[in-house]
Amino acid sequence: MRQPGDTLFNPSIHIDGGGIERWKDPAYRQVYRHIFDGRWKDYDPFEADYRAEATMTEAGTTNGCSFFRAFQGWLSMSHSGPGKGTLRVLPLLKEATAFWMLRPFASDVPEGAFPGCYPSKTFHITQRWHKLLADHLVSLPEIGPGDTVWWHPDIVHTVENHHGGDEPNAVFYTGFGPDCRINRNYLRHMRHSFLLGTSPPDFPEKNNFEVDYKDRAAFDDLSDVGLKMAGFPLPTILTPDSFQHHLGTSNKDHSFQCKWP
Ligand SMILES: [Fe+2]
């Protein structure tokens, strides 16, 4: 939640999903192969094959990204808009990605330098090296409670420096990703955090705000969809019908008597 007048929540212009790993990790590098081959127009930002296998963050990185976020998203619970401390994005995706991925190889960059990469941090878009991008972010239009905003994991973004509105900004951050190996691995750790009320992986551990909250969300609050999305096994309720279903037959002539001890 961001209070009116706030100037402290002021993240740098950045791209989530790791930094140097995009050049260093073999699977992650494959995502951008068309750009490296000089065919940036053939690059498909929505191809998921290699992203679902990429190591986006080195082990132990706080604020890292061990979950393949096909999209990052917000569910807004308040009114916001330009000038009210909202999200700012660079809408160009393919063009901007080609620019910042090839930037280390430009003649004005010292050999071996990767502008914007800092150990254990997200990828920074800087005035020094990426001025063309940094000067052209736009604020989201007016949004209200219940609106959602989704952006690609390689979108350049930040938030407005100053919240000039008159009501708090409140959003739920929601990363969305497919069922794949690295996300199943993330969910295994996330389920543990959820049950304990601690911060999930990739979020600062010192944020364990909810550990002592009374009535915080718990296992029993999850619907079947929630259980499935978190990777919990669904409870199996044995009835004559479900038993027939598990047998793979719909032949109701086989009468089945459910006997309870
Ligand atoms: Fe971000």
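Since we're looking at a predicted model, the values are computed, not measured.

Asker: Explain the overall build of the chain here, please?
Answerer: For the chain, the count of helices and strands is eight helices and eight strands. For the chain, the residues scored as buried account for 23% of the 261 residues in total. Partitioning the intrachain contacts of the chain with sequence separation of at least 6 by distance along the chain shows that 72% fall at a separation of at least 24.

Asker: Got a minute to help me understand helix H4 (residues 94-102) in this structure?
Answerer: Within an α-helix, residues lying three or four positions from one another point in the same direction, as the helix has 3.6 residues per turn. Listed as buried for H4 are Ala96, Thr97, Ala98 and Trp100. Considering only its buried residues, H4 is in contact with helix H3 (33-36) and helix H5 (127-134).

Asker: When you look at the nonpolar core in this model, what are you seeing that I'm missing?
Answerer: Soluble globular proteins tend to pack their nonpolar side chains together in the buried interior. Judged by nonpolar contacts, Tyr28, Val31, Tyr32, Tyr43, Ala54, Met56, Cys65, Phe67, Phe68, Ala98, Tyr186 and Leu187 together constitute the single largest core of 12 residues. The set of elements that each furnish at least two residues to this core consists of helix H2 (26-31) and helix H6 (181-196). Ranked by size, the runner-up nonpolar core spans 10 residues in total, among them Ile13, Ile15, Leu133 and Ile155.

Asker: Whenever I open this one, the sheet that holds strand S8 (residues 171-176) confuses me. Can you help?
Answerer: Each strand in a sheet pairs with its neighbour through backbone hydrogen bonds, running either in the same direction (parallel) or in the opposite one (antiparallel). Taken in spatial order, the three strands make up an open sheet running S6-S2-S8, and their pairing is antiparallel. In this open sheet, the two edge strands, each paired with only one partner strand, are strand S6 (148-151) and S8. The average angle at which neighbouring strand axes cross in this sheet is 20°, direction not considered.

Asker: Mind showing me how you'd approach the pairing of strand S2 (residues 71-76) here?
Answerer: On any regular strand, side chains alternate: one points to one face of the sheet, the next to the other face. Only one face of S2 is buried, namely the one carrying Gln72, Trp74 and Ser76, since none of Phe71, Gly73 and Leu75 on the opposite face is buried. Relative to S6, S2 runs antiparallel, the two being bridged by four bridges. Bridge pairing in S6 places Leu75 opposite Thr148.

Asker: Would you mind going over the confidence of the model for the chain with me for this structure?
Answerer: As a general rule, the predicted coordinates of low-pLDDT regions are not to be interpreted in detail. Confidence in the prediction for the chain averages 88 pLDDT; 90% of positions are at 70 or higher. Predicted confidence is poor over residues 250-261, with pLDDT under 50, and the contacts of this stretch with residues over four places away or in other chains come to six contacts.

Asker: How do you make sense of the environment of His162 when you look at a structure like this?
Answerer: Of note, His162 is situated in the loop between strand S7 (157-159) and S8. Taking the C-beta count within 10 Å as the criterion, His162 has 14 such neighbours and is therefore assigned partly exposed. Spatially, the C-alpha atom of His162 lies 8.4 Å from that of Pro4, the residues being 158 residues apart in sequence. Every residue in contact with His162, bar those within four places of it in the chain, is listed here: Thr7 and Gly85.

Asker: Where do I start with the environment of Gly81 in this structure?
Answerer: As for its placement among the helices and strands, Gly81 is situated in the loop between S2 and strand S3 (87-89). Residue classification places Gly81 among the partly exposed residues on the basis of 16 C-beta atoms within 10 Å. Counting along the chain gives 63 residues from Gly81 to Gly144, while the straight-line C-alpha distance between them is 8.7 Å. Beyond its immediate sequence surroundings of up to four residues, Gly81 is in contact with Thr86, Leu140, Pro141, Glu142 and Ile143.

Asker: Honestly, H5 in this entry has me stumped. Any pointers?
Answerer: Those residues of H5 that sit buried are Trp129, His130 and Leu133. The buried residues of H5 occupy one face: seen down the axis, they fall within an arc of 35°. Summarising the geometry of H5, the exposed residues directed more than 90 degrees from the buried face are Gln127, Arg128, Lys131 and Leu132. Contact partners of the buried residues in H5: H4.

About the thresholds
- Residues numbered from 1 in each chain as written.
- Predicted model: local features only at pLDDT ≥ 70, side-chain atom pairs only at ≥ 80, totals over all residues.
- Helix = DSSP H or I, 4+ residues; strand = E, 2+ residues; numbered from the N terminus.
- Buried ≥ 20, exposed ≤ 12 C-beta atoms within 10 Å, placed from the backbone.
- Contact = placed C-beta atoms within 7 Å.
- Core = buried A, V, L, I, M, F, W, Y, C linked by C-beta atoms within 7 Å.
- Pairing = 2+ DSSP bridges.
- Axes fitted to C-alpha atoms, helices over the stretch in contact; angles between N-to-C directions.
- pLDDT = per-residue confidence, 0-100.
- Arc of directions from axis to C-beta.

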